[in-house]
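Fold and geometry: a report
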Amino acid sequence: MKTITLPAYAKINLYLGVTGKLPNGYHTVETVMQAISLHDDVTVTCPDGDADPIALTCSAPHVPCDESNLVWRAAQRFFDAAEQKNPDFRRFPVQMHIEKHIPVAGGLAGGSTDAAAALIALNRLSGDILDRDTLLTSAAALGADVPFCVLANLGHPTALGLHYGEQMTALPSLQPLTVVVAANGEGCPTPWAYSRIDALPYDAGDGYRPMVDALTTADTAALFAQMYNAFEAAIYPERPLAKACHNILSRYADRALLSGSGSAVIGLFTDQSQADAACAELRNADIVPYLGRTL
Ligand code: ATP
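Residues numbered from 1 in each chain as written. Predicted model: local features only at pLDDT ≥ 70, side-chain atom pairs only at ≥ 80, totals over all residues. Heavy atoms only, no water.

On to the overall build of the chain. Across its full length, the chain carries ten helices and eleven strands. Relative to its length of 295 residues, the chain is compact, with a C-alpha radius of gyration of 19 Å against a globular reference of 19 Å. Oriented by its inertia axes, the alpha-carbon framework of the chain measures out at about 55 × 40 × 35 Å. The proportion of buried residues among the 295 residues of the chain is 54%. Long-range contacts, defined here as pairs at least 24 residues apart, represent 73% of the contacts in the chain between residues at least 6 apart. Positive and negative charge centroids in the chain, built from 19 and 31 side chains respectively, lie 2 Å apart. (Helix = DSSP H or I, 4+ residues; strand = E, 2+ residues; numbered from the N terminus. Rg over C-alpha atoms; globule rule 2.2 N^0.38 Å. Buried < 20%, exposed > 50% of the residue type's maximum accessible area, 1.4 Å probe, protein only. Contact = heavy atoms within 4.5 Å. Lys, Arg positive; Asp, Glu negative; His and termini not counted. Charge placed at Lys NZ, Arg CZ, Asp CG, Glu CD.)

Here it is as structure tokens:
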């Protein structure tokens, strides 16, 4: 019985501008994504003997463990791509398990990163039948954030995403910073968050280039100054607890920002004692913070 367990890292957006909506209903974005140490653990096992073609379990009770789970769909997508690559490839039964630590519907790409880890694990169990580009193409078919999560898992924790966010360019990584994630439990389904964005004029901020420059020159002050998320204007009026988390984190962090389409809020810190103080205040407000670092 062969088994692989991989960490599936959460993603934050250092920069997220929404530039418009295409006739097919998809939104175009400019985003700089960053992986952080907060992670789920995805285990993929090839059982000996007869078994269901795909089986999935998850430690979090409300996450679906059927075909609607991105990990399940990642397995289907992987087998399709492997068969296309090599007609002699034979599908094998897989049992998968997600040990969930990333808050669900928090704008931290929880499902996407689990799917990316499953793709990579299945590829390793199949002797790396898919090259990196094919893996990234399979990832893009699963969702706009999945290619970034594949890159991050393969050691590129910072990247620019254009088009729907799936057209990736790896960027220089920032120096490791302390990160606090405040997830208040009021999830933000991504389609709903985009409907709120659609009610406002699209605002791409200053564009992604100053953020890329800040990363290229390792200018942390400029990086904090350029952090931006177009969803803040759309989500904070509707999610007062997220706004409250933002206010607490802003008092201590070098920069606080909504994560993705919300509703988790992140703070970045150069001073660990400030991060500890922010966590204490969040706990006083009955919010359980996660304290970690950027990768
Ligand atoms: P993103 O940042 O990519 O927009 P998110 O972090 O806001 O996503 P997820 O945690 O991925 O949101 O969950 C969104 C929904 O996706 C959940 O309500 C859940 O029903 C479904 N889902 C499918 N697969 C998973 C998974 N592996 N983990 C968590 N949720 C999943």
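Counting through the fold element by element, Thr113 comes out in helix 2 (residues 110-125). Looking at Thr113, the relative accessible area reads 2%, which means it is buried. If sequence neighbours within four positions are ignored, Thr113 has contacts with Ala8, Tyr9, Ile102 and Cys149.

Close contacts around the ligand come from 20 residues, with Ala105, Gly107, Ala109, Gly111 and Thr190 the closest. Between the ligand and the protein, one listed contact pairs an oxygen atom with a backbone N or O atom of Gly107 at 2.9 Å. By residue number, the principal contributor to the shell around the ligand is helix 2, which donates four residues. Residues that form the shell around the ligand fall into these classes: eight nonpolar, eight polar and four charged. (Near = heavy atom within 4 Å. Polar contact = N/O pair within 3.5 Å; in protein donor to acceptor, adjacent residues only side chain to side chain. Nonpolar A, V, L, I, M, F, W, Y, C, P; charged D, E, K, R; others polar.)

What follows deals with the pairing of strand 10 (residues 265-269). Burial runs high along strand 10: five of the five residues are buried. Across five bridges, strand 7 (residues 178-182) lies against strand 10 in antiparallel orientation. Its bridge partner being in strand 10, Ala182 is matched across the sheet by Val265. Where strand 9 (residues 255-258) folds back on strand 10, the antiparallel hairpin that results is connected by six residues, among which Gly260 adopts a positive phi of roughly 50°. (Pairing = 2+ DSSP bridges.)

On to the sheet that holds strand 10, then. With antiparallel pairing, the four strands of this open sheet are ordered in space as 9-10-7-11. Strands with a single pairing partner mark the edges of an open sheet, and in this sheet they are strand 9 and strand 11 (289-293). For this sheet, the mean inter-axis angle between neighbouring strands, taken without regard to orientation, is 20°. Running at roughly 5° to strand 10, helix 9 (residues 240-252) makes contact with strand 7, strand 9 and strand 10 of the sheet. Each of strand 7, strand 10 and strand 11 is contacted by helix 10 (residues 272-284), which is oriented at about 165° to strand 11, the strand it contacts most. (Axes fitted to C-alpha atoms, helices over the stretch in contact; angles between N-to-C directions.)

The end-to-end C-alpha separation of helix 10 is 19 Å, in line with the 18 Å expected for 13 residues at 1.5 Å each. By the burial criterion, the buried members of helix 10 are Ala275, Ala278, Cys279 and Leu282. Along helix 10, the residues classed as buried sweep out an arc of 100° about the axis, all on the same side. Buried residues in helix 10 make contact with strand 7, helix 9, strand 10 and strand 11. Asp286 sits one or two positions beyond helix 10 and adopts a positive phi of about 65°. (Expected span 1.5 Å × (residues − 1). Arc of directions from axis to C-beta.)

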